[in-house]
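# Survey of secondary and tertiary structure
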Amino acid sequence: MTVLSEAGSAPTHGGRRAIRRSPYPGWFFLPAALIYGVLFLAPTFASLYFSLTRWTLFNSTFIGLDNFAQFFREPFLVQGLVNTVLYAAITSGLKVVLGMLLALLLTSAIMGRGYLRSVVFFPVLVSTVGVGITFTVLMHPTQGMINETLALFGIKGPGWLVDPRLALFSVALVDVWKGVGLATVIYIAGIVAIPKDYYEAARIDGATRWQNFLYVTLPLSRPATATVIILSFIGGLRTFDLIWAMTRGGPGFASDTIASVIYKQYQAGFYGLSTAGNVVLFVLIGILVVPLTMFLNRKQGHE
């Protein structure tokens, strides 16, 4: 039975007042939605269209999926795709392991803990291009400080950036040196947030330090681990500036990633092919990162 409620209010059904939601608060989302549409959605759909064309600054010709077919026919483009996944896996894995170890050290009772935290985080603040140029000098095969130091101990240093087998891994190590500070800070926040009661209970049960880490610290810092993995993996898939500053994808195409290949295609005037590469990179990030995020969050919620 419908009854009238107080004056000016909505009718009630069965004694309960029906709530009318005003559209007014929704208008506050409009500026953000407009900016998001202009800066993200419009360029995204434009890229999807231009990846299907052969275009220049003044005209375009629709060619369907020819750009994508050519992309996967070119061996150096496929190598760039493989290098991208390999680079992302190496850098994210090392950042997780080293970030956790440094966080355990910097949350323990050691002297100068605050200073050491600043030192570890400092490389994150330095320009990526500056880091790349610096390590290019340090890793010079004959005059670099690293190989000269190894020579003092009778060790012949490798060609860090000129050996096709080592170039990609050398840049990956520099990436880890620069980015491990952020991973460490995230882990420090995760470890500090663990309630002390768990460690007290483990101590009463006679747990060793290794058991404390294995059964208390590691499981309860899973949110930090998920964050580090996702951020590092996405950063590795999108890497360009460090690769370009140190090797420009060389020697040959040994250290090329999708981003550097895209840039080279733009430089050569193959705009449609390079746009298709952008779409491939976008899809690759989605295919790899979305399931990874769902898996990490599912495991986290299960525990």
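Conventions and cut-offs
Residues numbered from 1 in each chain as written. Predicted model: local features only at pLDDT ≥ 70, side-chain atom pairs only at ≥ 80, totals over all residues. Heavy atoms only, no water. Helix = DSSP H or I, 4+ residues; strand = E, 2+ residues; numbered from the N terminus. Rg over C-alpha atoms; globule rule 2.2 N^0.38 Å. Contact = heavy atoms within 4.5 Å. Phe/Tyr/Trp six-rings, centres within 6.5 Å; stacked < 30°, edge-to-face > 60°. Buried < 20%, exposed > 50% of the residue type's maximum accessible area, 1.4 Å probe, protein only. Polar contact = N/O pair within 3.5 Å; in protein donor to acceptor, adjacent residues only side chain to side chain. pLDDT = per-residue confidence, 0-100. Salt bridge = Lys/Arg side-chain N within 4 Å of Asp/Glu carboxyl O.

Next up on the list: the overall build of the protein. Secondary structure summary: the protein contains 13 helices and five strands in total. The C-alpha radius of gyration of the protein comes to 26 Å, more than 25% above the 19 Å expected for a compact globule of 303 residues. Based on the C-alpha atoms only, the size of the protein along its principal axes is roughly 95 × 75 × 30 Å. At a minimum sequence separation of 6, the contacts of the protein that also span at least 24 residues come to 62%.

Further remarks concern unusual backbone geometry. The amide bond that connects Gly 250 to the next residue, Pro 251, takes the cis arrangement and shows omega of -5°. Located in the positive-phi region is Arg 248, a residue other than glycine, with phi close to 55°.

The subject of this paragraph is the packing of aromatic side chains. Tallied over the entire structure, the rule returns 12 aromatic pairs. A centroid spacing of 5.1 Å and a plane angle of 35° characterise the contact between Trp 55 and Tyr 271, whose relative ring orientation is tilted. Here Trp 55 is found in strand β4 (residues 53-55), whereas its partner Tyr 271 is found in helix α13 (residues 271-302), with 216 residues between them in sequence. Ring centres 5.3 Å apart and planes at 75° place the aromatic pair Phe 71 and Phe 72 in the edge-to-face group. By relative accessible area, which is 46% here, Phe 72 ends up partly exposed. Counting every residue linked through ring pairs, the aromatic cluster contains Tyr 49, Phe 50, Trp 55, Tyr 266 and Tyr 271.

This part covers the side chain of Thr 257. Inspection of the secondary structure puts Thr 257 in the loop between α11 (241-246) and α12 (258-268). For Thr 257, a relative accessible area of 0% puts it in the buried group. Here Thr 239 takes part through its backbone oxygen, which lies 3.3 Å from a polar atom of the side chain of Thr 257. With near-sequence residues (within four places) excluded, Thr 257 lies in contact with Gly 80, Thr 84, Thr 239 and Ile 243.

With that out of the way, let us pick up the environment of Ile 110. Within the secondary structure layout, Ile 110 lies in the loop between α3 (75-106) and α4 (113-125). What makes Ile 110 partly exposed here is its relative accessible area of 28%. Ile 110 sits 91 residues away from Ala 201 along the chain, and the two C-alpha atoms are 24 Å apart. Apart from residues lying up to four places away in sequence, Ile 110 is in contact with Leu 105 and Leu 116.

Scored by pLDDT, the protein comes out at a mean of 85, with 92% of its residues at no less than 70. Mean pLDDT values over the elements of the protein span from 45, in strand β1 (residues 2-3), up to 94, in helix α7 (residues 167-192). Throughout residues 1-10 the model reports pLDDT below 50, and contacts reaching past four residues in sequence, or to other chains, amount to 17 contacts.

A separate point is the pattern of salt bridges. Tallied over the full model, the rule gives four salt bridges. Between Lys 95 and Asp 175 there is a salt bridge, with its nearest N and O atoms 2.9 Å apart. Of this pair, Lys 95 sits in helix α3 while Asp 175 sits in helix α7, and the two are 80 residues apart along the sequence. Residue Lys 95 is classed as buried on the basis of its relative accessible area, which comes to 10%.

In an α-helix, one turn spans 3.6 residues, which is why side chains three or four residues apart end up on the same side. Within α12 the residues assigned to the buried category are Ile 258, Ala 259, Ser 260, Val 261, Ile 262 and Gln 265. Remark: Gly 269 follows α12 within two positions and exhibits a positive phi of approximately 90°.

Inspection of the secondary structure puts Ser 92 in helix α3. Of the residues examined, Ser 92 reaches a relative accessible area of 8% and is grouped as buried. Those residues in contact with Ser 92 that lie beyond four places of it in its chain are Ile 229, Ser 232 and Phe 233.

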